[in-house]
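Commentary on secondary and tertiary structure
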Amino acid sequence: IRSSRWGGNKIELSNIPAGGYTVFLYVWEDNNPEIYSVSVNGQLVLTDYNSGTAGHWEKLGPWYTSASDGRIVISSRGGAANFSGV
């Protein structure tokens, strides 16, 4: 993995056509385990996720949401999350 968003993340996808969407999130750990929660469009979809040891990566989801206002927002709260793909 070459790039990521690190920390308390908030990723906003904009100009999304109205409709229903299936969301997946790729995460990884570069050093020590972190515990965090993930929300999609303000709805908690994953609580107290443990990122694992260095080198661990995972595809999280699927989560179902809509983009009625033209956007999808994915955020984390808690430990330092490494987001690498949506």
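In this report, the structure presented in the accompanying data block is examined. Quick caveat, the model's predicted, so the values are computed rather than measured.

Basis of the calculations
- Residues numbered from 1 in each chain as written.
- Predicted model: local features only at pLDDT ≥ 70, side-chain atom pairs only at ≥ 80, totals over all residues.
- Heavy atoms only, no water.
- Helix = DSSP H or I, 4+ residues; strand = E, 2+ residues; numbered from the N terminus.
- Rg over C-alpha atoms; globule rule 2.2 N^0.38 Å.
- Contact = heavy atoms within 4.5 Å.
- Areas by Shrake-Rupley, 256 points an atom, 1.4 Å probe, with all protein chains shown as cover.
- Pairing = 2+ DSSP bridges.
- Axes fitted to C-alpha atoms, helices over the stretch in contact; angles between N-to-C directions.
- Buried < 20%, exposed > 50% of the residue type's maximum accessible area, 1.4 Å probe, protein only.

Points about the overall build of the protein chain
Scanning the protein chain from terminus to terminus reveals 0 helices and 8 strands. Listed N to C, the secondary structure of the protein chain is β-β-β-β-β-β-β-β in terms of helices and strands. On C-alpha atoms alone, the protein chain measures out to a radius of gyration of 13 Å, which is about the 12 Å that the 2.2 N^0.38 rule sets for 86 residues. For the protein chain, the spread of C-alpha atoms along the three principal axes comes to 40 × 25 × 20 Å. Sequence-distant contacts, at least 24 apart, represent 76% of the contacts inside the protein chain between residues at least 6 apart. Summed over its atoms, the accessible surface of the protein chain is roughly 5,200 Å², and 48% of this surface lies on carbon and sulfur atoms.

Observations regarding the sheet that holds strand β7 (residues 71-78)
Spatially, β2-β7-β4-β5 is the arrangement adopted by the 4 strands of the open sheet, whose pairing is antiparallel. Edge strands, defined here as strands with exactly one partner in the open sheet, are β2 (10-14) and β5 (43-50). On average, adjacent strands in this sheet sit at an angle of 15° to one another, irrespective of strand direction. Pairing of β2 with β7, which is carried by 5 bridges, proceeds in the antiparallel orientation.

Side note on the side chain of Ser39
Along the chain, Ser39 turns up in strand β4 (residues 35-40). What makes Ser39 buried here is its relative accessible area of 16%. Apart from residues no more than four positions distant in its own chain, Ser39 is found in contact with Leu44, Val45, Val73, Ile74 and Ser75.

Notes on the side chain of Ser37
Here Ser37 shows up in strand β4. Here Ser37 is in contact with Leu44, Leu46, Thr47, Asp48, Ser75, Ser76 and Arg77, once residues within four sequence places are set aside.

What to know about the pairing of β5
In this structure, β4 lies alongside β5, joined through 5 bridges in antiparallel fashion. Bridging from a neighbouring strand, Tyr36 pairs with Tyr49 of β5. Once β4 ends, the chain turns through 2 residues before running back antiparallel as β5, passing Asn41 with a positive phi of about 50°.

These figures capture arrangement, not role.
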